[in-house]
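# Structural characterization, general
Below are the chains, spelled out letter by letter.
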Amino acid sequence: MSELVEVALLGKTVGLKGFVRLHNRGDFPNQFKKNAIFYDGDGNELVVKNYNSANDTIVFCGFEDIDSAKTLTNKTIYTTKEETRKNCKLKKGEFFYFDVIGCEIYENNQRLGEVEDIDEVGANHLFLIKTDGNLIAKGLEKSFYIPYIDVYVEKVDVENKKIYTKNAILILENS
């Protein structure tokens, strides 16, 4: 089985029939459908029995009462990268976080670093970059952010794990 991807955190129980609050950690609520399979942190399979998108609650097969559902509170649930690719359709110019994290950042053939994480700030995304060791040795910061907007990101090539930027070196130098 491939690497697992975090998709949600399960909250408190709601009602008596096993529903728990679902705190979606992604952009694809349509993946929470009947018979969809997720995994908890211990690798146990959780099969969706019902999902209510109106109030973000979910019930899993085998956890249809309040007492068994309480055992799921505060658990993080995961899915596989393959299932994510199969069930979550991207628009042009969109990428899965797990494909972007680890990409190397290049500007004018110079390696600036590697995407370590992605933060959502309002409607925008910021790539947290772990600065290349050679640049750190020159006295630059160990990490910096690049906004995922056209002013800074020219091309994202997830197949080759590279992102080409412009003006990002200025952000690093002024960090």
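Residues numbered from 1 in each chain as written. Predicted model: local features only at pLDDT ≥ 70, side-chain atom pairs only at ≥ 80, totals over all residues. Heavy atoms only, no water.

### Some details on the overall build of the protein chain
Looking only at helices and strands, the protein chain has 5 helices and 12 strands in total. Here the C-alpha coordinates of the protein chain stretch approximately 60 × 30 × 30 Å along the principal axes. Of all 175 residues assigned to the protein chain, the portion counted as buried reaches 36%. Look at the contacts in the protein chain between residues 6 or more apart in sequence, and 48% of them connect residues 24 or more apart. Of the roughly 10300 Å² that the protein chain leaves accessible, carbon and sulfur atoms contribute 47%. (Helix = DSSP H or I, 4+ residues; strand = E, 2+ residues; numbered from the N terminus. Buried < 20%, exposed > 50% of the residue type's maximum accessible area, 1.4 Å probe, protein only. Contact = heavy atoms within 4.5 Å. Areas by Shrake-Rupley, 256 points an atom, 1.4 Å probe, with all protein chains shown as cover.)

### Notes on the domain arrangement of the protein chain
For the protein chain, the assigned domains read domain 1 (4-87) and domain 2 (97-174). Of note, the centres of domain 1 and domain 2, computed from C-alpha atoms alone, are 33 Å apart. (Domains from an automatic or database assignment.)

### With respect to the environment of Gly93
Among the secondary structure elements, Gly93 is positioned in the loop between α2 (81-87) and α3 (97-100). Under the relative-accessibility criterion, Gly93 is labelled partly exposed at 39%. As for Gly93 and Val156, which are separated by 63 residues in sequence, their C-alpha atoms are 8.5 Å apart.

### Some words on the UniProt feature "domain: Ribosome maturation factor RimM PRC barrel" (unreviewed entry) in the protein chain
As annotated by UniProt and renumbered to match this structure, "domain: Ribosome maturation factor RimM PRC barrel" (unreviewed entry) occupies residues 98-165. Here residues 98-165 runs as 12% helix and 56% strand, with 19 Å between its end C-alpha atoms. (UniProt positions renumbered as here; feature names shortened; annotations may be inferred.)

### Remarks on the packing of aromatic side chains
All told, the structure shown has 5 aromatic pairs when counted by the stated rule. Where Phe96 meets Phe98, the ring centres are 5.2 Å apart and the plane angle is 5 degrees; that geometry is what we call stacked. Here Phe96 matches Phe98 in class, with each residue buried. With a centroid separation of 6.4 Å and an interplanar angle of 35 degrees, the aromatic rings of Tyr106 and Tyr164 are classed as tilted. Linking Tyr106 in strand β7 (residues 104-107) with Tyr164 in strand β12 (residues 162-165), this pair joins segments that are 58 residues apart in sequence. Residue class for Tyr106 comes out buried when judged on its relative accessible area of 18%. When its relative accessible area of 30% is taken as the criterion, Tyr164 is described as partly exposed. Chaining the aromatic ring pairs together yields one cluster made of Phe32, Phe38 and Tyr51. (Phe/Tyr/Trp six-rings, centres within 6.5 Å; stacked < 30°, edge-to-face > 60°.)

### A few points about the pairing of β12
Burial along β12 is one-sided: Ile163 and Thr165 are buried, and none of Lys162 and Tyr164, which face the opposite way, are. Looking at chain direction, β7 and β12 are connected through 3 bridges and run parallel. Opposite Tyr106, over in β12, you have Tyr164 as the bridge partner. The pairing of strand β11 (residues 153-157) with β12 spans 4 bridges and is classified as antiparallel. (Pairing = 2+ DSSP bridges.)

### Things to note about the sheet that holds β12
Read across the sheet, 6 strands follow the order β10-β9-β8-β7-β12-β11 without closing on themselves; strand pairing throughout is mixed. Single-partner strands in this sheet number two, and they are β10 (143-147) and β11. The mean angle between the axes of side-by-side strands here comes to 35 degrees, regardless of whether they run parallel or antiparallel. (Axes fitted to C-alpha atoms, helices over the stretch in contact; angles between N-to-C directions.)

### As for the nonpolar core
Of all hydrophobic cores here, the largest spans 18 residues; its most connected members are Val115, Phe127 and Ile163. Every element with two or more residues in this core is listed here: β8 (110-121), β9 (124-131), β10, β11 and α5 (168-173). Among the elements that make up this core, the one with the highest residue count is α5 (4 residues). Ignoring anything within four residues of it in the chain, the contact list for Ile163 reads Val100, Cys103, Glu104, Ile105, Tyr106, Val115, Phe127, Val153, Lys155 and Val156. The next biggest cluster of nonpolar side chains, apart from the first, holds 16 residues, and it includes Leu22, Phe32, Phe38 and Val48. (Core = buried A, V, L, I, M, F, W, Y, C linked by side-chain atoms within 4.5 Å.)

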